[in-house]
Amino acid sequence: MSTLVYRLSVCLPYVRELRHRLVLSVFALGVCSLAVAQFGAEYPALGGQPVFEAAMLDATNRARAANGVGRLEPDDRLALAARHHAKEMAELDYLSHESPTPGRQRLSQRVFAAGSAAQEVAENLFSKAAVRDYDPAIAQEAITGWLDSPSHRVNLLYRDFTHVGFGAWIADGRLYVVQVFAVQPFVLSDAGVTTRSEQGYEVDVSVALRRASDVRLGYGSRRFAPRSLAPGEHVLSFQTETTELEEVHLSVWTRSANNAGFIMEDAGWLNLPAADFRPDRTPIRDAVSVREVATRVVELRYYDVVVTFADPVAPSSAELVAVGLEPPNSNVSQLASSYWNGNDLYFTVPSASQDATIRIGIRQGQSIDVFASLVLDLSGPDAVVVPKPLQTTGR
């Protein structure tokens, strides 16, 4: 038996081998966490073995029910990943979670290529010699073998998994079976992007920093993510929409000495059309001070996104939210207006965050459980939302 574990960006491999003394069966296990939302598969369509795969699903759910664990739903995209890996192992005569094919080496890459929107996936492998056909009776044999292996049993009975896909392939009398699990409280099925433009302003704030510090800007009630800056002159820029207010309060903050938070060091009132900055009378100006503020009229582009979900496993009361953007200096507050209607999630990405990552999650009280990450792709003629796979490292 071989075991390969991925958690986030860390790979912890454990390798062992096991030959079943009676039937020459081989089992293997793999676990991977990722954060993707792909709506179209890179893998070509590949037919499966419906009777055998149904037997695998039935045996899997009977084992879970016997151990007090909820049933798994079949997933076509997970099955596509499983079928391609089973076919390749049969044709190349190997049994491993690591494929020799570039771009398909890791489980996370194969799931991504199959178009799955899963955040966390796991893989069990099974192989048996002297096999002529896809006998459904072999399904129970594979499940029994996995239950007898502590590491495989963990995957098979993991409570959080919601979906599963199977692949099976025979070559030269040996059967290869792949079982891919996933946590998918909501299955992302499609996304659309509408582009709109509005007049706004680009604001350049020139500051003088006396010592190295994390510096952040405030604009009205908005707070931009901090930037780590060296001593000297710097220009901090942001874009904003027009406002009916004659003046908006602009502030500059530095991180406190004990890292407990940020201290407002300089501030004043900014008239956007006139590019007029009127400083407050009682600034601290210990570490940083505002030297100049410049504004110019620009066209702001906004991207209104709607993400559609199918086959929810999560409770109907679950609330989905678009929880933030990357990189760190993007304007997270722009996604505060995300709206979930029970089937679709709506949110707007501002032009200042064109290549940022959008995180999708389920609100759980005061916390948010992120299960997918998307990227707004502007490389083509039309803006589209594409997945962002987790960048795992491994051997």
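None of these values were measured; they are calculated from a predicted model.

Caption draft 1: Inspection of the side chain of Ser251 at higher detail. Secondary-structure assignment places Ser251 in strand β13 (residues 248-255). Here Ser251 falls in the buried class, since its relative accessible area comes to 2%. Every residue in contact with Ser251, bar those within four places of it in the chain, is listed here: Arg216, Leu217, Gly218, Met264, Asp266 and Ala267.

Caption draft 2: A look at the packing of helix α1 (residues 50-66) against helix α4 (residues 137-148). With their axes 8 Å apart at the nearest point, α1 and α4 run at an angle of 40° to one another. Between α1 and α4, the crossing angle belongs to the class labelled oblique. When the axes of α1 and α4 are compared, the crossing they make is right-handed. For the pair α1 and α4, the contacting residues are Phe52, Ala55, Met56, Ala59, Thr60, Arg62 and Ala63 in the first and Ile138, Ala139, Gln140, Ala142, Ile143, Trp146 and Leu147 in the second. When its residues are assigned to classes, the contact of α1 with α4 shows 11 nonpolar, two polar and one charged.

Caption draft 3: Up close: the pairing of strand β7 (residues 174-183). The element β7 is largely enclosed, with a buried count of 10 among its 10 residues. Burial along β7 is two-sided: Arg174, Tyr176, Val178, Val180 and Ala182 and Leu175, Val177, Gln179, Phe181 and Val183, pointing in opposite directions, are all buried. The pairing of strand β5 (residues 120-128) with β7 spans nine bridges and is antiparallel. The partner of Lys128 across the bridge, within β7, is Leu175. In the sheet, strand β6 (residues 163-171) pairs with β7 via nine bridges, with the strands oriented antiparallel. Within the sheet, the bridge partner assigned to Ala171 lies in β7 and is Arg174.

Caption draft 4: Representation of the nonpolar core within the structure. Counting 28 residues, the largest nonpolar core has Met56, Ile143, Trp146, Leu156, Leu175 and Val177 as its most contacted members. With near-sequence residues (within four places) excluded, Met56 lies in contact with Ala139, Ala142, Ile143, Trp146, Phe166 and Val177. Counting 22 residues, the second-largest nonpolar core is a separate cluster that includes Ala322, Phe371, Ala372 and Leu376.

Caption draft 5: Region of interest: the sheet that holds strand β16 (residues 288-310). Taken in spatial order, the five strands make up an open sheet running β12-β8-β16-β19-β18, and their pairing is antiparallel. The sheet is open, and its two borders are formed by β12 (232-241) and β18 (339-340), each paired with just one other strand. Here 22 bridges tie strand β8 (residues 187-209) to β16, and the two strands are oriented antiparallel to one another. In the sheet register, Val193 faces β16, and the bridge partner there is Val305.

Caption draft 6: Structural detail: the packing of aromatic side chains. For the structure on display, the rule yields 10 aromatic pairs. Considering the side-chain rings of Tyr158 and Phe161, the 4.7 Å spacing of their centres and the 80° angle between planes classify their relative orientation as edge-to-face. The partly exposed category is assigned to Tyr158, whose relative accessible area is 26%. Using a relative accessible area of 3% as the deciding quantity, one classes Phe161 as buried. Taken together, a centroid distance of 5.2 Å and an interplanar angle of 15° make the contact between Phe161 and Phe181 stacked. With Phe161 in the loop between α5 (150-156) and β6 and Phe181 in strand β7, this pair connects stretches of sequence that are 20 residues apart. Residue class for Phe181 comes out buried when judged on its relative accessible area of 0%. Through a chain of ring-to-ring contacts, three or more aromatic side chains come together here, namely Tyr158, Phe161 and Phe181. In this arrangement the basic side chain of Arg104 is found over the ring face of Tyr43, its NZ or CZ atom lying 4.8 Å from the centre.

Scoring rules and cut-offs
Residues numbered from 1 in each chain as written. Predicted model: local features only at pLDDT ≥ 70, side-chain atom pairs only at ≥ 80, totals over all residues. Heavy atoms only, no water. Helix = DSSP H or I, 4+ residues; strand = E, 2+ residues; numbered from the N terminus. Buried < 20%, exposed > 50% of the residue type's maximum accessible area, 1.4 Å probe, protein only. Contact = heavy atoms within 4.5 Å. Axes fitted to C-alpha atoms, helices over the stretch in contact; angles between N-to-C directions. Parallel < 35°, antiparallel > 145°, perpendicular 65-115°, else oblique. Left-handed = near helix turned anticlockwise from the far one by under 90°. Nonpolar A, V, L, I, M, F, W, Y, C, P; charged D, E, K, R; others polar. Pairing = 2+ DSSP bridges. Core = buried A, V, L, I, M, F, W, Y, C linked by side-chain atoms within 4.5 Å. Phe/Tyr/Trp six-rings, centres within 6.5 Å; stacked < 30°, edge-to-face > 60°. Lys NZ or Arg CZ within 6 Å of the ring centre and 35° of its normal.

Bear in mind that shape data such as this cannot, by itself, settle questions of function.
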